[in-house]
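# Commentary on secondary and tertiary structure
Residues per chain are reported as follows:
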Amino acid sequence: NKKIDDYLVPTGDGPPPKWFQLAALNEQEIIALDTKGTLVKIQLRKSPKPHMALVSTLKLDHPVGVKFHVHAGNIILADAKGRLLLFDAGTFEPVASLEFKTPVTRDLALSDETLFVETGSNRLASIKLTGDIKEQWHLSLENAPLAGSPLDIGDTLVVAKQDGEILAVDPGTGAIRGRLNLEQPLSLGPMKIGDLVVVPSTDGSLHHVESLLNQSP
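Heads up: these notes are all about the structure in this document. (Residues numbered from 1 in each chain as written. Predicted model: local features only at pLDDT ≥ 70, side-chain atom pairs only at ≥ 80, totals over all residues. Heavy atoms only, no water.)

## Some thoughts on the pairing of strand β6 (residues 74-78)
Put simply, the rule reads: Exposed residues in this analysis have more than 50% of their type's maximum accessible area, buried residues have under 20%, and partly exposed residues fall in between, with area computed by a 1.4 Å probe over protein chains only. Put simply, DSSP H or I for four residues or longer makes a helix, DSSP E for two residues or longer makes a strand, and each gets a number counted from the N terminus. By definition, two strands form a pair when at least two bridges between them are found by DSSP.
When you tally the buried positions in β6, you get five out of five residues, the bulk of the element. Alternating residues of β6 divide into N74, I76 and A78 and I75 and L77, and every residue in both groups is buried. From the end of strand β5 (residues 69-71) to the start of β6, which pair antiparallel, there are two residues, and A72 there has a positive phi angle of about 55°. Turn length for the β6-strand β7 (residues 83-88) hairpin, with the two strands adjacent in sequence and antiparallel, is four residues, and the turn residue G82 shows positive phi of about 95°.

Rendered as structure tokens:
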């Protein structure tokens, strides 16, 4: 195995930052974000010997506390001020932005060309990423934050809340088609296992919620 020289983070004054997230851009490049809000692109180079080289750096105005996505040539992230930001992954040039009234409080959930964003631990918004990014709809979480990322299964968005309530939502309009209360606290989002849609509760149980999908609004 060939040894690749490490990439060392420039520290400057004060304690060095820690890596917050790494994501592959392609076979040769990765995007990395540190805890101080610095976004970098690092490239694997083979000459004069294998090493990791810094290609681009972008210092964000505010730190980032939720995970970003690399999608369709763009980096999609949300900063601590409550702004959704898109940057070109190749050049780091800004592409689009959208500002919320409250900070983003959970990792961004991506499904095809739609982003689902929780803000203020009490609001779920659907953001269309094609063209000018804009909010398609939002709904109140009624003071119960998400238990995990929503599950988009085509004609229904399954939303699990920490208080044990499961919502069946129209992904196009945000209308709530059905509700199911498991009466147990939840810490993970819904999952699709074969033909089953299940939600795990904090005691380790798996709850089937397929009946919710057949409810009428």
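## Topic: the sheet that holds strand β15 (residues 165-169)
Pairing within the open sheet is antiparallel, and its four strands lie in the order β13-β14-β15-β16. Looking along the sheet, the strands with just one partner apiece sit at the ends: β13 (151-152) and β16 (176-181). Direction of pairing for β15 relative to β16: antiparallel, over a ladder of five bridges. Looking at β16, one finds that I166 is bridged to L180.

## Some points on unusual backbone geometry
Residue P48 follows S47 across a cis peptide bond; omega there is 0°. Counting through the fold element by element, P48 comes out in the loop between β3 (38-45) and β4 (51-59). At F92, a position not held by glycine, the phi torsion is positive, near 65°. When you line up the elements, F92 lands in the loop between β7 and β8 (94-99). The phi dihedral of N143 is positive, around 65°, even though this residue is not glycine. Inspection of the secondary structure assignment puts N143 in the loop between β12 (134-140) and β13.

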